[in-house]
Amino acid sequence: MTELPRGIVVFDVDGVIADVRHRLHHVERKPKNWPAFFAAMDDDGRLPEGVAMAQRYADEGHRIAYLTGRNERYRELTLAWMRRHGLPEGRLVMRREDDRRPARVFKPQALSRLAREGEIVAVVDDDTSVVEVLRHEGWPVVLADWMRADEAEQETLFDAQEVDGRS
């Protein structure tokens, strides 16, 4: 008897598996310093809850995908960071460099394309706007609330994802 392939579990990167709090100060005020914000991503810590969840799903035989608002310019840096921090292997889906759509628009469309490759078992994201849209569309979504940012930091990350379309 052949075992049926498991589904796909999709993880956001920033705020779910990567701790971005140390670099939010670059985009808290105007003008925002996007080059410095992105240059510091290699120093992100890992968020143990998100990494453990990804490992648990991988150990159960699910395919892992990472759906991030980071753009293609940072693919190699992101993949190296993931390897260095012991993340399970998986497909990395990123924005085109010129894509500035809010995460709540970009991610559902990217998720629909990813779903052509198999059943989406869960989507783990920290952006409440993304979570709300995905739930409304019927996706099995989990709100990642373990990156305990203060209110100002959370607003900064929200602006980066939803207003600026950058993370």
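(A) Fine view of the packing of aromatic side chains. Counted by the stated rule, this structure contains six aromatic pairs. Each ring, one from tryptophan 34 and one from phenylalanine 38, has its centre 5.8 Å from the other, and the planes form 25 degrees; the classification is stacked. Of this pair, tryptophan 34 and phenylalanine 38 both sit in helix H1 (residues 34-39), separated by four residues, roughly a single helical turn. Here the two residues tryptophan 34 and phenylalanine 38 agree in accessibility, since each one is buried. In this structure, arginine 23 is placed above the aromatic ring of phenylalanine 37, and the distance from its NZ or CZ to the ring centre is 4.4 Å. Of note, arginine 95 hangs over the ring of phenylalanine 106, and the distance from its end group to the ring centre comes to 4.8 Å.

(B) Summary view of helix H3 (residues 75-84). For H3, the full list of buried residues reads Thr78, Trp81 and Met82. For H3, the arc enclosing every buried residue in end-on projection is 100 degrees, short of the 170-degree limit, so these residues lie on one face. Opposite the buried face of H3, by more than 90 degrees, sit the exposed residues Glu76 and Arg83. Phi turns positive, to about 75 degrees, at glycine 86, one or two residues after H3.

(C) Structural view of the pairing of strand E6 (residues 120-125). Across the six residues that make up E6, a large majority, five, are buried. Two strands pair when backbone bridges link them, and strand E1 (residues 8-11) and E6 are joined in this way by four bridges, in the parallel orientation. Paired with phenylalanine 11 across the two strands is valine 124, which belongs to E6. Pairing of E6 with strand E7 (residues 141-143) involves three bridges; the strand directions are parallel. Bridging across to E7, valine 123 finds its partner in valine 141.

Parameters at a glance
- Residues numbered from 1 in each chain as written.
- Predicted model: local features only at pLDDT ≥ 70, side-chain atom pairs only at ≥ 80, totals over all residues.
- Heavy atoms only, no water.
- Phe/Tyr/Trp six-rings, centres within 6.5 Å; stacked < 30°, edge-to-face > 60°.
- Helix = DSSP H or I, 4+ residues; strand = E, 2+ residues; numbered from the N terminus.
- Buried < 20%, exposed > 50% of the residue type's maximum accessible area, 1.4 Å probe, protein only.
- Lys NZ or Arg CZ within 6 Å of the ring centre and 35° of its normal.
- Arc of directions from axis to C-beta.
- Pairing = 2+ DSSP bridges.

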